[in-house]
Amino acid sequence: MSTPTVLTVLSALAFLGLLLGLTLYSRWRANALFEENAYGEAMGVDRESFSDYYRPMTRILDPREMEACSSLSGLKPSDIARFRTDRIAAFRTYLNEVRLDFNRIEFKLRYIMLAASQNEAELVSRLNQVKTNFQLQLIRVEFQLVLFRLGWAGVDVEPLVQMLEQLEACLLLRPSTSAAAA
């Protein structure tokens with residue numbers, strides 16, 4: 001094999017390994033959060049509006065706010081670094097809540113599907129597709145967060161929030177199991 005071919009194969013394997021690692025980490029983290037909050041107060045929380053609740057998350061790592069902080073007089077570089085670290089921690093908290101909200105809605109939809117008719121069987125495959133897309137978006141955001149920590153890129157979380165809203169809309173459009181039984 002020639003050197004360029006070997007480098008291409010090694011690069012592809014490294015990328016696949018990174019993708020697999022981020023996927024496993026994302027699933028491990030989601031399961032850990034779910035188990036941590038399974039009996040907690042947070043499991044019973046239903047948001048009035050995901051877009052309202054997660055709006056601060058979409059702006060928390062905004063480069064303009066970081067620049068505004070950096071331009072303030074009287075701040076030491078350590079203060080700015082702490083501000084940035086605290087913002088990243090707050091973003092991480094929001095990201096964990098996004099995972100929990102998605103898991104809650106998915107659980108409710110799967111419960112409703114137990115009472116679904118044979119004609120609605122395609123809903124299971126559609127939900128699995130949405131879950132896969134959501135996991136891919138989480139991996140993308142996690143990767144962007146790593147790059148943000150290194151100062152190389154911003155983080156766009158809007159697609160995750162939109163997916164939650166769409167999934168919740170599916171939940172609201174579905175008849176409840178008690179209505180289906182009647």
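Residues numbered from 1 in each chain as written. Predicted model: local features only at pLDDT ≥ 70, side-chain atom pairs only at ≥ 80, totals over all residues. Heavy atoms only, no water.

Draft legend 1. Structural view of the side chain of Asp101. Within the secondary structure layout, Asp101 lies in helix H4 (residues 77-113). The contacts of Asp101, once residues within four sequence positions are left out, are Arg47, Phe50, Tyr54 and Leu164. (Helix = DSSP H or I, 4+ residues; strand = E, 2+ residues; numbered from the N terminus. Contact = heavy atoms within 4.5 Å.)

Draft legend 2. Examining the packing of helix H2 (residues 50-59) against H4 more closely. Contact geometry for H2 and H4: axes closest at 9 Å, N-to-C directions at 150 degrees. Comparing the axis directions of H2 and H4 gives the class roughly antiparallel. When you trace H2 past H4, the crossing you get is left-handed. The residues of H4 that touch H2, namely those facing Phe50, Tyr53, Tyr54, Pro56, Met57 and Arg59, are Arg87, Phe91, Tyr94, Leu95, Glu97, Val98, Asp101 and Ile105. (Axes fitted to C-alpha atoms, helices over the stretch in contact; angles between N-to-C directions. Parallel < 35°, antiparallel > 145°, perpendicular 65-115°, else oblique. Left-handed = near helix turned anticlockwise from the far one by under 90°.)

Draft legend 3. Representation of the environment of Ala81 in the model. Position of Ala81 among the secondary structure elements: in helix H4. Residue classification places Ala81 among the partly exposed residues on the basis of a relative accessible area of 40%. Between the alpha carbons of Ala81 and Ser70 there is a distance of 9.4 Å; along the sequence they are eleven residues apart. (Buried < 20%, exposed > 50% of the residue type's maximum accessible area, 1.4 Å probe, protein only.)

Draft legend 4. Summary view of the pattern of salt bridges. The tally for this structure, following the rule as stated, stands at nine salt bridges. Because the salt bridges share partners, they merge into one network encompassing Arg92, Arg99 and Glu142. (Salt bridge = Lys/Arg side-chain N within 4 Å of Asp/Glu carboxyl O.)

Draft legend 5. Seen up close, the packing of aromatic side chains. As enumerated under the stated definition, the model contains five aromatic pairs in all. Aromatic side chains Tyr54 and Tyr94 sit 6.1 Å apart centroid to centroid with 65 degrees between the ring planes, which places their arrangement in the edge-to-face category. Note that Tyr54 is positioned in helix H2 and Tyr94 in helix H4, a separation of 40 residues in sequence. Measuring from centroid to centroid gives 3.9 Å for Phe102 and Phe134, while their planes differ by 5 degrees, and the two rings are stacked. In this pair, Phe102 sits in helix H4 while Phe134 sits in helix H5 (residues 122-149), placing the two residues 32 residues apart along the sequence. The same class applies to Phe102 as to Phe134, namely buried. These aromatic residues form a ring-pair network of at least three members: Tyr53, Tyr54 and Tyr94. (Phe/Tyr/Trp six-rings, centres within 6.5 Å; stacked < 30°, edge-to-face > 60°.)

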